[in-house]
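Each chain, letter by letter, is given below.
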Amino acid sequence: MNIKRETFGQTPDGRDVILFTLANGQNMVVKIMNYGGIITAIQAPDKDGNLADIVLGFNTFKEYQDGHPYFGALVGRYANRIAQGRFALNNQTYQLAINNGPNHIHGGISGFDKVVWEAHEFMNGAEAGVELQYHSRDGEEGYPGNLAVKVRYSLNDNNELRITYQATSDKPTIINLTQHSYFNLSGEGSGDILDHEIAINADSFTVVDADLIPTGEIRSVKGSPLDFTTPYRIGDRIQNVPGGYDHNYVLNKSQNELALAAQVRDPKSGRRMEVYTTQPGIQLYTANFLDGTLGGKSGKAYQKHGAFCLETQHFPDSPNQPHFPATVLQPGETYDQVTVYKFNV
Ligand code: BGC
């Protein structure tokens, strides 16, 4: 295991942005910066041992600042959408920033993906990692409570990238953190992911309206193009899914259990990825809104369906859907979630 630290850039207010490079003994490399907790690169071997960078992103800090759809980002306080950016807690209504049509998405205008986190590296025998901390003040982006957040990224020699999330608040609040990496197991910029095969351990999904806000209905995937209880190529049925996949799956697992949520295989490179999580849901998003205007690390344009995201999460708009697993965090409680992305061939 090995960790390197270098300066990646500076924010307009003069804060240093640090890039951490974690490397294991299996030729895997993960790069993380303290701005937005963004994973900028994941290098992994293919079936012949050739390395490729399998996440979308940029070479320079400037490009990250110029705007992008959450490439590699640590998303909070609330990943995914909240209808009208509004919710009630203890008879008080809170209005969050509106930044996605009429709704709130991914923590607001300046969410956790756009702040500088305090960061330090750590290493023990079995893993190398980075610990990130951020204090989100009461009222930030409209959310109640001073929130202390700690996120740890670590890599081990089993090619597991483990992400642990912890948070406490001094007032009742809501929270839903995720990781928004865009994966292409053939390598970033190498075309679309329609040939990737995916399996998702979910018998049902949350039905959404035209603005991707849950209607409240939890529907079986059976007989629909959303059924990945057995593996399918992403491209097999995507033409029957208007706009492409952008759905929250209700995972088959018990609460808080760290369980296998999804598996992906790229037949071309032989690379495989498994996702394990304690969270109740996972968003499959097939980069439907990429349109070739952003160019990435290898200079190639990022096209529609040029990547997939598997964002572990609580369900969208849970604060307004009492029958969804709760996203309320009370003072004295600790929000505690784990997600593991495991790579092999
Ligand atoms: C959402 C998409 C959105 C993307 C980028 C995903 O988590 O499900 O609808 O376009 O993030 O914001």
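Just so you know, these numbers come straight off a predicted model, no measurement behind them.

## Considerations on the overall build of the chain
Right, so step 1: If you tally the helices and strands in the chain, you get one helix and 27 strands.
Right, so step 2: The C-alpha atoms of the chain give a radius of gyration of 19 Å, which matches the 20 Å a tight globule of 345 residues would have.
Right, so step 3: Seen through its principal axes, the chain has C-alpha atoms that stretch 60 × 50 × 40 Å.
Right, so step 4: For the chain, buried positions account for 57% of its 345 residues.
Right, so step 5: Sequence separation of at least 24 residues holds for 65% of the intrachain contacts in the chain that already meet a minimum separation of 6.

## Re the site of the ligand
Right, so step 1: Every residue close to the ligand is listed here: Tyr 70, Arg 81, His 106, His 180, Tyr 182, Leu 212, Asp 246, Gln 283, Tyr 285, Phe 289 and Glu 311.
Right, so step 2: At 2.7 Å from an oxygen atom of the ligand is found a side-chain nitrogen or oxygen belonging to Arg 81.
Right, so step 3: Asp 246 has a polar side-chain atom sitting 2.4 Å from an oxygen atom of the ligand.
Right, so step 4: Here the ligand loses 93% of its free accessible area of 310 Å² to cover by the protein chains.

## Things to note about the nonpolar core
Right, so step 1: In terms of nonpolar packing, the biggest core is built from 59 residues, with Ile 42, Ile 200, Tyr 249 and Leu 310 touching the most fellow members.
Right, so step 2: Looking at this core, the element that brings in the most residues is strand S13 (residues 147-156), giving five residues.
Right, so step 3: For Tyr 249, the residues in contact, after removing those within four places along its chain, are Ile 200, Ala 202, Ser 204, Phe 205, Val 221, Leu 226, Phe 228, Pro 280, Gly 281, Ile 282, Leu 284 and Phe 315.
Right, so step 4: Leu 56, Tyr 285, Ala 287 and Tyr 302 belong to the second-largest nonpolar core, a separate cluster that totals 24 residues.

## Observations concerning the sheet that holds strand S24 (residues 281-285)
Right, so step 1: Pairing is antiparallel across the open sheet formed by five strands, whose spatial order is S19-S18-S21-S24-S25. Lying at the two open borders of the sheet, with one neighbouring strand each, are strand S19 (214-220) and strand S25 (309-313). On average, each strand axis in the sheet is inclined to that of its neighbour by 30 degrees, with strand direction left out of account.

## What to know about the pattern of salt bridges
Right, so step 1: Here the structure, examined in full by the defined rule, presents 12 salt bridges.
Right, so step 2: Here Glu 121 and Arg 5 are joined by a salt bridge, their closest N and O atoms 3.3 Å apart. With a gap of 116 residues between them, Glu 121 in strand S11 (residues 118-124) and Arg 5 in strand S1 (residues 2-10) connect regions that are remote in the sequence.
Right, so step 3: Measuring nitrogen to oxygen at the nearest pair gives 2.8 Å for the salt bridge that ties Asp 195 to Arg 233.

## Structural notes on the sheet that holds strand S3 (residues 29-33)
Right, so step 1: The antiparallel open sheet is built from five strands, whose spatial order is S1-S2-S3-S4-S5. In this open sheet, the two strands that pair with only one neighbour each are S1 and strand S5 (51-53). Across the sheet, the mean angle from the axis of one strand to that of its neighbour is 15 degrees, orientation sign disregarded.
Right, so step 2: Looking at chain direction, strand S4 (residues 39-45) and S5 are connected through three bridges and run antiparallel. Counterpart to Gln 43 in the pairing with S5 is Asp 53.

## Brief notes about the packing of aromatic side chains
Right, so step 1: For the structure shown, the criterion picks out 19 aromatic pairs.
Right, so step 2: Ring centres of Phe 71 and Tyr 302 lie 5.6 Å apart, and the angle between their planes is 85 degrees; on these two criteria the pair is classed as edge-to-face. Remark: Tyr 302 occurs in the loop between S24 and S25 and Phe 71 occurs in the loop between helix H1 (61-66) and strand S6 (73-75); sequence separation between them is 231 residues.
Right, so step 3: Judged by its relative accessible area of 0%, Phe 71 is buried.
Right, so step 4: One aromatic cluster in this structure is built from Phe 8, Tyr 35, Phe 58, Phe 61, Tyr 64, Phe 71, Tyr 182, Tyr 285, Phe 289 and Tyr 302.

## Comments concerning unusual backbone geometry
Of all residues except glycine, most have a negative phi; of all peptide bonds, most are trans.
Right, so step 1: For the bond from Gly 76 to Arg 77, the omega torsion is 5 degrees, close enough to zero to count as cis.
Right, so step 2: Position of Arg 77 relative to the elements: it lies in the loop between S6 and strand S7 (81-82).
Right, so step 3: Although it is not a glycine, Tyr 70 adopts a positive phi angle of roughly 65 degrees.
Right, so step 4: Judged by its relative accessible area of 13%, Tyr 70 is buried.
Right, so step 5: Its identity is not glycine, yet Gln 84 carries a phi of approximately 60 degrees, on the positive side.
Right, so step 6: Along the chain, Gln 84 falls in the loop between S7 and strand S8 (86-89).

## As for the side chain of Asn 288
Right, so step 1: In this structure, Asn 288 sits in the loop between S24 and S25.
Right, so step 2: A relative accessible area of 9% means that Asn 288 is categorised as buried.
Right, so step 3: Of the polar contacts made by the side chain of Asn 288, one reaches the side chain of Thr 286; its length is 2.6 Å.
Right, so step 4: A polar contact of 3.4 Å, which involves the side chain of Asn 288, links it to the side chain of His 305.

What counts and how
- Residues numbered from 1 in each chain as written.
- Predicted model: local features only at pLDDT ≥ 70, side-chain atom pairs only at ≥ 80, totals over all residues.
- Heavy atoms only, no water.
- Helix = DSSP H or I, 4+ residues; strand = E, 2+ residues; numbered from the N terminus.
- Rg over C-alpha atoms; globule rule 2.2 N^0.38 Å.
- Buried < 20%, exposed > 50% of the residue type's maximum accessible area, 1.4 Å probe, protein only.
- Contact = heavy atoms within 4.5 Å.
- Near = heavy atom within 4 Å.
- Polar contact = N/O pair within 3.5 Å; in protein donor to acceptor, adjacent residues only side chain to side chain.
- Areas by Shrake-Rupley, 256 points an atom, 1.4 Å probe, with all protein chains shown as cover.
- Core = buried A, V, L, I, M, F, W, Y, C linked by side-chain atoms within 4.5 Å.
- Pairing = 2+ DSSP bridges.
- Axes fitted to C-alpha atoms, helices over the stretch in contact; angles between N-to-C directions.
- Salt bridge = Lys/Arg side-chain N within 4 Å of Asp/Glu carboxyl O.
- Phe/Tyr/Trp six-rings, centres within 6.5 Å; stacked < 30°, edge-to-face > 60°.

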